Amino acid sequence: MDLELWNLAYSLPELVMTGGSLFLLLLGVFRSGRHTMSVATLLVIGITALSLRNVPEGVTFSGMFVVDGYSNFFKWVFLVSAALTVLVSGRYLESRQENHGEYYALLTSATLGMMVMASAADLISLYVGLELMALSTYVLAGFLRNRTRSNESALKYFLMGSFSSGLLLYAISLMYGFTGKTSLTAIAAAVSDGDLAGNPLVMVALLMFVAAFGFKIAAAPFHMWAPDVYEGAPTPVTAFMSVGPKAAGFAVLARVFTVALEPLQTEWTQLLSVVAVFTMAVGNVIALSQTNIKRMLAYSSIAHAGYALLGVIAGTAEGLSSVMNYMMIYAFMNIGAFSVLILLDRQGTDVEQLEDLKGLSKTKPVLAFLMLIFMFSLTGIPPTAGFIGKFYVFVAALKAGHTGLVIWAVVFSAISAYYYLRVVKLMYMEAPAPEATGPVEVSLSTRLAVTVALAGVLVIGLYPDILLGVSMTARQLF
Amino acid sequence: MVPLSWYMGLSAAVFSIGIFGFLTRRNIIIMFMSIELMLNAVNINLVAMSHYLQDIRGQVMVMFIIAVAAAEAAIGLAIIIAIFRNRATVHVDEINEMKG
């Protein structure tokens, strides 16, 4: 890997995304029709994907920006989740009279922020990418300006998000003070040379890193914002937020901990182990008592962050590639589940209560079946992709010697079956409520999104080699 | 010359005031100001360290933090205005439609 002052070829996907995002902002002023905007956004994402295919690997911008297999894989996750979100957004926003062009500009700039995060090799570029993502998603969460719940969601997300970036910055400033470096590799060298592992202030910095990234991936005890934000935000945005920013959070968490804080591995392994068990416990146990589906999926997303943390805790190349796989699989199954909810949408009112799904197999058998597949996948039942994701994370953690953690994870994942399968039970074993027989909105793009998500879940579930092959080659270049 | 540890002490104090304010005050604007205090504590830290280490990166970081904080203020105040239009309150305890 050669170090150049700057070489734009490495950051071509980001440049395309930047241009595309600005273009969408302009286009939205003149033509904010739902079809124009969706097609234009998909086009931007498509061109970015094309440039991502051919991007050379290396380090550029004075060592601030790194392109490797790891970052490229995460960028694919972001592009897939952004594209699926675009597909499910159009009809939803139109039925709420909020179909504005800037939605798509914000969505693409959030994606751009995540791409910068995945490529960040320096704490400065990491912070800028993280804030670009976070600021865009705050606005997206509050996009239904006239609905108080959307406002409340944006406010909570904003306050907790800025608080966590304050913690992150303080941690960065402490690390900079002790090492004199901001580059991740240089920090690692300075920490091991200066023998800073036992320094109490470095430990404070480590704790703050855990807290700040814990906020981003919604790990307990830093998860309090997630249920409220996910419930109040527009459903397509919830689908996006539960996948994109979480995957981006994992991308930087794994890179910062395994590169910059590698000399402190024993310390952060212990910390993250506690966080992981607590996250799985909180997510799965509180999800049991939820009556609102979006809230239940929020707790489920907290629980999934706990499982994926096991891969980071393993700390091995295999662990990292299992986290990468998990994020890709999670993108398909979670956005799939939210898309079914969006398809059930009744002219501007969200289908939110679990009760609303009663007897769905009688009234809308296809949608009920799709929901069944996504719920099975979230539980981790073969032959769906969810099983593959969990399996490889657990195997990686076992190989790294974290048997106790894996036992906890399996126990909690058995508990999770209760609330996922309760959805299935409601759909298949209860009689439909009399008023719940309205026609399904025919939105071609949402159907396309569900089909893609379903294909992702089943194909990865049946032929995991496709995904595993990619991520295995990717992690060797880390 | 003022030693580095004084600056770090000042920064830690300002940062703690920020955290304390964020956790105890219930007015959104004041919570928001507390976050700004936290960010500025970091700026003090970085500028002092950058001078002490004779390394420019810390000050570059400060430039980015100031720019991002401005963007954050714009978005935060926009969200507060949206809430105030719908609810006519800036008190977080009254903005609690969702819980459980």
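Residues numbered from 1 in each chain as written. Chains lettered and ligands numbered in written order. Predicted model: local features only at pLDDT ≥ 70, side-chain atom pairs only at ≥ 80, totals over all residues. Heavy atoms only, no water.

## Looking at the overall build of chain A
Line of reasoning, step 1. Each helix and strand counted, chain A has 19 helices and two strands in total.
Line of reasoning, step 2. For chain A, whose C-alpha radius of gyration is 21 Å, the value lies close to the compact-globule estimate of 23 Å for 478 residues.
Line of reasoning, step 3. Seen through its principal axes, chain A has C-alpha atoms that stretch 70 × 55 × 40 Å.
Line of reasoning, step 4. In chain A, buried positions account for 67% of the 478 residues.
Line of reasoning, step 5. Here the contacts in chain A between residues at least 6 apart in sequence split such that 80% fall between residues at least 24 apart.
Line of reasoning, step 6. Carbon together with sulfur atoms contributes 68% to the accessible area of chain A, which is approximately 15,400 Å² in total.
Line of reasoning, step 7. Averaging the coordinates of the 26 positive side-chain charges in chain A and doing the same for the 27 negative ones gives two points 9 Å apart. (Helix = DSSP H or I, 4+ residues; strand = E, 2+ residues; numbered from the N terminus. Rg over C-alpha atoms; globule rule 2.2 N^0.38 Å. Buried < 20%, exposed > 50% of the residue type's maximum accessible area, 1.4 Å probe, protein only. Contact = heavy atoms within 4.5 Å. Areas by Shrake-Rupley, 256 points an atom, 1.4 Å probe, with all protein chains shown as cover. Lys, Arg positive; Asp, Glu negative; His and termini not counted. Charge placed at Lys NZ, Arg CZ, Asp CG, Glu CD.)

## A word on the interface of chain B and chain A
Line of reasoning, step 1. Taken residue by residue, the interface counts 42 residues in chain B and 48 residues in chain A.
Line of reasoning, step 2. Roughly 3,700 Å² of surface becomes buried between chain B and chain A when both sides are summed, with 75% attributable to carbon and sulfur atoms.
Line of reasoning, step 3. On inspection of chain B and its partner chain A, the count reaches one salt bridge.
Line of reasoning, step 4. The salt bridge involving R57(B) is made with D122(A); its shortest N-O contact spans 2.8 Å.
Line of reasoning, step 5. Connecting chain B to chain A are seven residue pairs in polar contact (both at pLDDT 80 or more).
Line of reasoning, step 6. Those elements that provide at least two residues to the side of chain B that touches chain A are α1 (4-24), α2 (28-53) and α3 (57-87) of chain B.
Line of reasoning, step 7. Ranked by residues supplied to the side of chain B that touches chain A, first place goes to α3(B) with 16 residues.
Line of reasoning, step 8. Partitioned by chemical class, the residues of the side of chain B that touches chain A number 28 nonpolar, eight polar and six charged. (Buried area = accessible area lost by both parts, 1.4 Å probe. Salt bridge = Lys/Arg side-chain N within 4 Å of Asp/Glu carboxyl O. Polar contact = N/O pair within 3.5 Å; in protein donor to acceptor, adjacent residues only side chain to side chain. Nonpolar A, V, L, I, M, F, W, Y, C, P; charged D, E, K, R; others polar.)

## Remarks on a nonpolar patch on the surface
Line of reasoning, step 1. Nonpolar side chains collect at one region of the surface, where W6(A), L8(A), L12(A) and L15(A) lie side by side and expose about 390 Å² of accessible area between them.
Line of reasoning, step 2. Structurally, the position occupied by L12(A) is in helix α1 (residues 12-30). (Patch = residues over 30% accessible without salt bridge, like charges linked within 9 Å, V, L, I, M, F, W, Y side chains within 5 Å.)

## Concerning α2(B)
Residue and element names in this part refer to chain B.
Line of reasoning, step 1. Here α2 is 26 residues long and its end C-alpha atoms lie 38 Å apart, about the 38 Å a rise of 1.5 Å per residue gives.
Line of reasoning, step 2. Taking the backbone nitrogen of I29 as reference, a side-chain oxygen 2.8 Å away marks N27 as the first, capping residue of α2.
Line of reasoning, step 3. Downstream of α2 by one or two residues, Q54 has phi in the positive range, about 50°. (Expected span 1.5 Å × (residues − 1).)

## Observations regarding the environment of V86(A)
Residues and elements named next belong to chain A.
Line of reasoning, step 1. Topologically, V86 is positioned in helix α3 (residues 69-95).
Line of reasoning, step 2. Using a relative accessible area of 0% as the deciding quantity, one classes V86 as buried.
Line of reasoning, step 3. Spatially, the C-alpha atoms of V86 and V252 are 25 Å apart, while their sequence positions differ by 166 residues.
Line of reasoning, step 4. Contact partners of V86, with chain neighbours within four places excluded, come to S38, T41, L42, I45, Y104 and L107.

## Points about the nonpolar core
All names here are of chain A.
Line of reasoning, step 1. Judged by nonpolar contacts, the single largest core of 213 residues is most densely connected at F209, F250 and L261.
Line of reasoning, step 2. Ranked by residue count, the leading element in this core is helix α13 (residues 317-343), at 18 residues.
Line of reasoning, step 3. Apart from residues lying up to four places away in sequence, L261 is in contact with M175, L206, F209, V256 and W268. (Core = buried A, V, L, I, M, F, W, Y, C linked by side-chain atoms within 4.5 Å.)

Geometry only, nothing functional implied.
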